[in-house]
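One letter stands for each residue in the lines below.
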Amino acid sequence: MVARKVKAETEIAPPVVKKVRPSRSATKSAPAISKADLEDDAQADIADEKPPIEAVDNAPPAKTARGKAKAKETEGAEAARPPRPRGRAAQWPPVELDPSKHPARAGYPVHSLPPLNVAPNGAIPSTTPGPLPHFLGAHTSIAAGPATALYRAGKMGANGLALFVKSQRQWKSTPYEQEAIDRFKDAMKPVEQGGMGYGPETILVHGSYLINLGNPDPAKWNMSYTCFKDDIERCHQLGVKLYNWHPGSTVGACEKEVSFGLIAKAINRVHKEVPEVITVIENMANAKSNLVGTAFTDLAAIIDQVEDKSRVRVCLDTCHLFAAGYDIRTPEAYRATMKQFDEQVGNKYLGGIHLNDSKTELGSCKDLHENIGLGHIGLTAFRELMRDPLMSGLPLVLETPVGEGNPLDMGDPCVWTEEIQLLYQIQKIEDAEWESTKGEIEAQWRVKRDKINPPKEKKPTKKDGKVAAAKAKGKKAKRDEESCDSHAEDSDSD
């Protein structure tokens, strides 16, 4: 700093403070200093009879007491805040997904399943020799690139996974850079070759939520088809073979049979335009709506019109099944529903499973996912599925509530990690001891889930307020009516 000259030895010149305009980056991080603050500082210099100081160009403005307190508060908050996950990672793989810190894969030693006594499923051939556990995993994030989904699956000890190949709520997305493709393919390689060991048979990509190939409007159908094809082209770029999506809706504009034909038209066209990738149709929940795919017969009607049936499969979502009226809660109900699927669709078309319990009752037509064993479906259904040899070689994907943020990246306990362990645990429990142990297992699991991901209390909505007001109004009207009756009785008695 440079000191100003004074006019006389006994006279102190009035301070001249040169205001420095901070840069934009500085204004974002530093507390704002007002004109009043600068004037206060100048007056303090005069009072202390200190030689006035002229600010040097580009020097940051002096901090006031208020500014210092604010800065201290900000520093404390930054220190208390946990480190944020990386975005575009400078280090690869990202430090928070370092495979050297991953747990051992769950499901080992592999449980020996009974021989298959029904028609086999439509699993694609495995790239890994030897006995393998069910390809159990969860739908993981692609933040910082699609390859990170495989590292997140490894971090939870999973043997399979699902992912989006782009934003699921945007029509258009930026094309992949070659580096992103190379990283994904490297991560798919066996562990012995430096990869994560997730072959194409273990990965079930989920399509965009915007796609509706059942819409009879030509412009909207074409928009959906473009998004659909882009998803599948991305799968082909990455080397993924299984692409799953929601078939769509009539939107009330046509009969379901018309939508079946439109969906099959899209499948046939994309099979000609993009090689190898298998299109996997998902069953849906609301059987009383315009949605297509709520019944096994819907799925069969679409498949019947597909030309290359070697490239079409079905993904069964357990919550959707249950909501649409297919019971799987007991061993008998589970077997009856799967028999019906084989008779009406065919086991050879079964290509994947979404594992979700349901917050609502059988046939509710509501797609509300709950954590495994803690909803209206219950643990017994999922034990039956895990012990079913028909599920071998298929991606079995959790889509259950996981809580706020991204606990895997933050190093926090993850519900999916615990659910994977739970499902492999109950797979190994024999029938003779299941009935006597399931209650205790469910109770312990509920406590653990509630600790990791406490259930949210339902917030009152405007609709709830209107309903409450209507009820209150009804009660008041009833009281008024009773009061009138009481007065009438009093009048008669007089």
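We now turn to the structure provided with this report.

Calculation rules
Residues numbered from 1 in each chain as written. Predicted model: local features only at pLDDT ≥ 70, side-chain atom pairs only at ≥ 80, totals over all residues. Heavy atoms only, no water. Buried < 20%, exposed > 50% of the residue type's maximum accessible area, 1.4 Å probe, protein only. Helix = DSSP H or I, 4+ residues; strand = E, 2+ residues; numbered from the N terminus. Pairing = 2+ DSSP bridges. Right-handed = clockwise from strand over helix to strand, strands pointing away. Phe/Tyr/Trp six-rings, centres within 6.5 Å; stacked < 30°, edge-to-face > 60°. Core = buried A, V, L, I, M, F, W, Y, C linked by side-chain atoms within 4.5 Å. Contact = heavy atoms within 4.5 Å. Axes fitted to C-alpha atoms, helices over the stretch in contact; angles between N-to-C directions. Parallel < 35°, antiparallel > 145°, perpendicular 65-115°, else oblique. Left-handed = near helix turned anticlockwise from the far one by under 90°. Nonpolar A, V, L, I, M, F, W, Y, C, P; charged D, E, K, R; others polar. Polar contact = N/O pair within 3.5 Å; in protein donor to acceptor, adjacent residues only side chain to side chain. 1 Å grid on protein atoms, 1.4 Å probe; cavity = no way out; pocket = protein on both sides within 12 Å on 5 of 7 lines; lining within 4 Å. Points joined across faces, edges and corners; volume = space filled by probe spheres on them.

### A few points about the pairing of strand 4 (residues 160–163)
So, step 1. Burial along strand 4 is two-sided: the residues Gly 160 and Ala 162 and Leu 161 and Leu 163 are all buried.
So, step 2. As paired elements, strand 3 (residues 135–139) and strand 4 share three bridges and run parallel to each other. Its bridge partner being in strand 4, Ala 138 is matched across the sheet by Leu 161.
So, step 3. With respect to chirality, the unit in which strand 3 leads through helix 4 (residues 148–155) into the neighbouring parallel strand 4 is right-handed.
So, step 4. In this structure, strand 4 lies alongside strand 5 (residues 203–206), joined through three bridges in parallel fashion. Within the sheet, the bridge partner assigned to Ala 162 lies in strand 5 and is Leu 204.
So, step 5. Crossover handedness for the path strand 4 to helix 5 (residues 178–188) to strand 5: right-handed.

### Notes on the packing of aromatic side chains
What describes a pair of aromatic rings is the distance from one ring centre to the other and the angle between the planes of the rings.
So, step 1. Applying the stated rule across the entire model yields nine aromatic pairs.
So, step 2. When the centroid spacing of 5.5 Å and the interplanar angle of 5 degrees are considered together, the rings of Trp 221 and Tyr 225 count as stacked. With Trp 221 and Tyr 225 both in helix 6 (residues 218–238), this residue pair falls four residues apart, about one helical turn. The exposure classification of Trp 221 matches that of Tyr 225, with both residues buried.
So, step 3. For the ring pair Phe 228 and Trp 245, a centre distance of 5.0 Å and an interplane angle of 50 degrees mean the geometry is tilted. Here Trp 245 lies in strand 6 (residues 242–245) and Phe 228 lies in helix 6, a separation of 17 residues in the sequence.
So, step 4. On the basis of relative accessible area, Trp 245 is assigned to the buried category, the value being 0%.
So, step 5. Following the ring pairs from residue to residue traces out a cluster consisting of Trp 221, Tyr 225, Phe 228, Tyr 243 and Trp 245.

### A few points about the nonpolar core
So, step 1. Formed by 93 residues in total, the largest nonpolar core has its most connected members in Phe 228, Leu 355 and Met 391.
So, step 2. Sequence-distant contacts of Leu 355, that is, excluding residues within four places in its chain, are made with Leu 136, Thr 318, Ile 372, Phe 382, Leu 385, Leu 396, Val 397, Leu 398, Glu 399, Thr 400 and Leu 423.
So, step 3. If you look at the next biggest cluster of nonpolar residues, it comprises eight residues, including Ile 124, Ala 162, Val 280 and Val 397.

### A short note on the packing of helix 6 against helix 7 (residues 256–273)
So, step 1. Taken N-terminus to C-terminus, the directions of helix 6 and helix 7 make an angle of 40 degrees; their axes are 11 Å apart at the nearest point. Judged by the angle between their axes, helix 6 and helix 7 are oblique. The handedness of the crossing between helix 6 and helix 7 comes out as right-handed. Listed contacts from helix 7 to Trp 221, Asn 222, Tyr 225, Phe 228, Lys 229 and Ile 232 of helix 6 are Leu 262, Lys 265, Ala 266, Ile 267, Arg 269, Val 270 and Glu 273.
So, step 2. Its residues assigned to classes, the contact of helix 6 with helix 7 shows eight nonpolar, one polar and four charged.

### What about the environment of Tyr 225?
So, step 1. The class of Tyr 225 is buried, set by a relative accessible area of 3%.
So, step 2. Each C-alpha atom, one on Tyr 225 and one on Val 270, is 8.6 Å from the other, the two residues being 45 residues apart in sequence.
So, step 3. Beyond its immediate sequence surroundings of up to four residues, Tyr 225 is in contact with Leu 213, Ala 266, Arg 269, Val 270 and Glu 273.

### What to know about the pairing of strand 6
So, step 1. Every second residue of strand 6 is oriented toward a common face, with Leu 242 and Asn 244 on one face and Tyr 243 and Trp 245 on the other, all of them buried.
So, step 2. Two elements, strand 5 and strand 6, share two bridges in a ladder whose sense is parallel. By the bridge assignment for strand 6, His 206 is matched with Asn 244.
So, step 3. In the sheet, strand 6 pairs with strand 7 (residues 278–282) via four bridges, with the strands oriented parallel. Within strand 7, the residue paired with Asn 244 across the bridge is Val 280.
So, step 4. Once the chain exits strand 6 it traverses helix 7 before rejoining the sheet at strand 7, and the crossover so formed is right-handed.

### Considerations on the environment of Asn 244
So, step 1. Mapped onto the elements, Asn 244 comes out in strand 6.
So, step 2. For Asn 244, a relative accessible area of 0% puts it in the buried group.
So, step 3. Sequence separation between Asn 244 and Arg 313 is 69 residues, and the spatial gap between their C-alpha atoms is 8.7 Å.
So, step 4. Residues in contact with Asn 244, not counting those within four places in the same chain, are Leu 204, Val 205, His 206, Gly 207, Val 280, Ile 281, Glu 282, Cys 315 and His 354.
So, step 5. Of note is the side chain of Asn 244, whose polar atom sits 3.3 Å from the side chain of Glu 282.

### Notes on empty space enclosed by the protein
Where empty space is left becomes clear once a probe the size of a water molecule has been rolled over the atoms.
So, step 1. Scanning all chains against the criterion turns up one cavity of 30 Å³ or more.
So, step 2. In this structure, the largest cavity spans a volume of roughly 40 Å³.
So, step 3. Residue lining of the largest cavity: Leu 316, Thr 318, Leu 321, Ile 328, Tyr 334, Met 338, Ile 353, Leu 385 and Met 391, and that is the complete set.
So, step 4. Breaking the lining of the largest cavity down by element, the ones donating at least two residues are helix 9 (318–323) and helix 10 (331–344).
So, step 5. The residue makeup of the lining of the largest cavity, split by class, is eight nonpolar, one polar and no charged.

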